[in-house]
Amino acid sequence: MTILKTPGIPAQKQFADDVRSGLSRDGQKELPSKYLYDNLGSVRRDHVTLLPEYGLTRADERLLQRHARDIAQYIPHKTMVSELGSGKGRKTRPILNALRTRGPLSYYPIEISSAALASCEMELRDIESVSIVGVESEYLAGLAEVAERRAADMHLFVLFLGSTIGNFDAGADARFLREVRQTLRPGDSLLLGTDLLKPREQLIDAYHDPRGVTAAFNLNLLGRINRELNADFDLRRFEHLARFNETTQSVEMHLRSRHDQSVTVRNCDLTVAFAAGETIWTESSHKYSPQGVAELASASGFTMQAQWIDEKWPFANSLFVAA
Ligand code: AVI
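Model, not experiment: these values are computed from the prediction.

1. Notes on the sheet that holds strand β2 (residues 29–30)
Stage number 1. Strand order in this open sheet of 4 strands is β2-β12-β9-β8, and the pairing throughout is mixed. Taken across any chain shown, the strands that pair with only one partner, and hence form the sheet edges, are β2 and β8 (238–245).
Stage number 2. The pairing of β2 with strand β12 (residues 279–286) spans 2 bridges and is parallel. From the neighbouring strand, lysine 29 faces β12, where its bridge partner is isoleucine 280.
Stage number 3. Sitting on the sheet, helix α8 (residues 200–207) is in contact with β8, β9 (250–257) and β12, with an inclination near 155 degrees to β8.

2. Let's talk about the domain arrangement of the chain
Stage number 1. Under the domain assignment, the chain is made up of domain 1 (10–52 + 200–286) and domain 2 (56–198 + 287–322).
Stage number 2. In this structure, domain 1 and domain 2 have C-alpha centres spaced 28 Å apart.
Stage number 3. Across the boundary between the two partners, domain 1 contributes 19 residues, which contact 12 residues of domain 2.
Stage number 4. Of all residues in domain 1, Gln202, Leu203 and His286 bury the most surface against domain 2, accounting for 37% of the area lost on that side.
Stage number 5. Linking domain 1 with domain 2 are 1 salt bridge, by the criterion used here.
Stage number 6. With a shortest N-O distance of 2.7 Å, lysine 88 and aspartate 46 are connected by a salt bridge.
Stage number 7. Counting across the domain 1 and domain 2 interface gives 10 residue pairs in polar contact (both at pLDDT 80 or more).
Stage number 8. Listing elements by their share of the side of domain 1 that touches domain 2, those giving two or more residues are α2 (39–48), α8 and β12.

3. Some details on the site of the ligand
Stage number 1. With respect to spatial proximity, 13 residues lie near the ligand, and among them Tyr54, Asn167, Tyr207, Glu283 and Ser285 are the closest.
Stage number 2. One of the side-chain N or O atoms of serine 285 is found 2.6 Å from an oxygen atom in the ligand.
Stage number 3. For the ligand, whose unbound accessible area comes to 340 Å², protein coverage reaches 97%.
Stage number 4. Per-class residue counts for the shell around the ligand are 7 nonpolar, 4 polar and 2 charged.
Stage number 5. Shared between two domains, the shell around the ligand takes at least three residues from each, and those domains are domain 1 (10–52 + 200–286) and domain 2 (56–198 + 287–322).

4. So, the pairing of strand β7 (residues 189–195)
Stage number 1. With 7 of its 7 residues buried, β7 lies for the most part within the structure.
Stage number 2. Because side chains alternate across β7, one face comprises the buried residues Ser189, Leu191, Gly193 and Asp195, and the other comprises Leu190, Leu192 and Thr194, equally buried.
Stage number 3. Between the parallel pair strand β6 (residues 155–160) and β7, the chain is carried across by helix α7 (residues 172–182), and the sense of this crossover is right-handed.
Stage number 4. When β7 meets strand β14 (residues 315–322), the two strands line up antiparallel, connected through 7 bridges. By the bridge assignment, leucine 191 is partnered in β14 with leucine 319.

5. Section: the packing of helix α3 (residues 56–73) against helix α4 (residues 93–100)
Stage number 1. Viewed as axis vectors pointing N to C, α3 and α4 meet at an angle of 30 degrees, and their least axial separation amounts to 8 Å. You can see that α3 and α4 cross each other, and the crossing is right-handed. Contact residues: Leu64, Gln65, Ala68, Arg69, Ile71 and Ala72 in α3; Pro94, Ile95, Ala98 and Leu99 in α4.
Stage number 2. Partitioned by chemical class, the residues of the contact of α3 with α4 number 8 nonpolar, 1 polar and 1 charged.

6. Focus: the side chain of threonine 49
Stage number 1. Looking at the secondary structure, you find threonine 49 in the loop between α2 and α3.
Stage number 2. Polar contacts involving the side chain of threonine 49 include one to the main-chain carbonyl oxygen of aspartate 46, which spans 2.6 Å.
Stage number 3. Contacts of threonine 49, omitting those with residues within four sequence positions, involve Tyr54, Thr57 and Arg58.

Reading guide: rules and limits
- Residues numbered from 1 in each chain as written.
- Predicted model: local features only at pLDDT ≥ 70, side-chain atom pairs only at ≥ 80, totals over all residues.
- Heavy atoms only, no water.
- Pairing = 2+ DSSP bridges.
- Helix = DSSP H or I, 4+ residues; strand = E, 2+ residues; numbered from the N terminus.
- Contact = heavy atoms within 4.5 Å.
- Axes fitted to C-alpha atoms, helices over the stretch in contact; angles between N-to-C directions.
- Domains from an automatic or database assignment.
- Buried area = accessible area lost by both parts, 1.4 Å probe.
- Salt bridge = Lys/Arg side-chain N within 4 Å of Asp/Glu carboxyl O.
- Polar contact = N/O pair within 3.5 Å; in protein donor to acceptor, adjacent residues only side chain to side chain.
- Near = heavy atom within 4 Å.
- Areas by Shrake-Rupley, 256 points an atom, 1.4 Å probe, with all protein chains shown as cover.
- Nonpolar A, V, L, I, M, F, W, Y, C, P; charged D, E, K, R; others polar.
- Buried < 20%, exposed > 50% of the residue type's maximum accessible area, 1.4 Å probe, protein only.
- Right-handed = clockwise from strand over helix to strand, strands pointing away.
- Left-handed = near helix turned anticlockwise from the far one by under 90°.

Here it is as structure tokens:
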């Protein structure tokens, strides 16, 4: 597989800066959810997707398997495919299979980690007539790189699956999609996965499972800060918490301090005091309505052309076309 790389800020410096600013703020302490995904965190997140209580990934896969051919009908013939955060690429297979029947196809998965790109290539390399060019980059820089490489008559079809868009802060989802739109030309398309609203109890069970798998995923963030930034978090003195925020319509994950305690993060020159019960907010997972997804399309310069909703677990894959 060819790999393209785009330059970025050194990852460790950015991590230290974000930890320092998130833990030293007055009021709600916060850590960006992207840091949940080091190697161990990514394995734990894979385990989350297998939980009976967490139907999101299975719903996404069912929709793509059932409707790949319908989706392909909306995509012009001369098109290349790019995916924001392909992960291991398993979900993408039916889409690539449906599109390659019309002729050779180029697929550009964009991932921050070279390990994820390598697994993606392993998973998909047996698909005939599809050439894979990995892009090791942040999403927008990678997409700009892909868009720049295409011929004048070539369309671009972008996949953003799995409801990763729901993990953006409130309002940041539309801002991000507007930036995606700016790299596209009219007639290009985007397939967007979004988890939908469902009963509160079901949502809380999905993010606070009885086996403690999601708790291990969340607590690993403190373990990562210990490993990479020389900190002394005692993971037994924090606990996982999931709650639904009615105002933002999001499930929030937090890590709650069980005691009054202080923690030192040496590489950030930082000592942080935690009161018993105080939390660090680590992730928001926004839950959309089908109508809200259509509004998101128009707020970001797209038109929603079609939407497929899973019957068992409310989840939508929606096809946006650049207006
Ligand atoms: C990646 N993302 C869509 C997942 C979600 O459901 O928001 C991450 C996750 N957090 C807890 N469980 C899974």
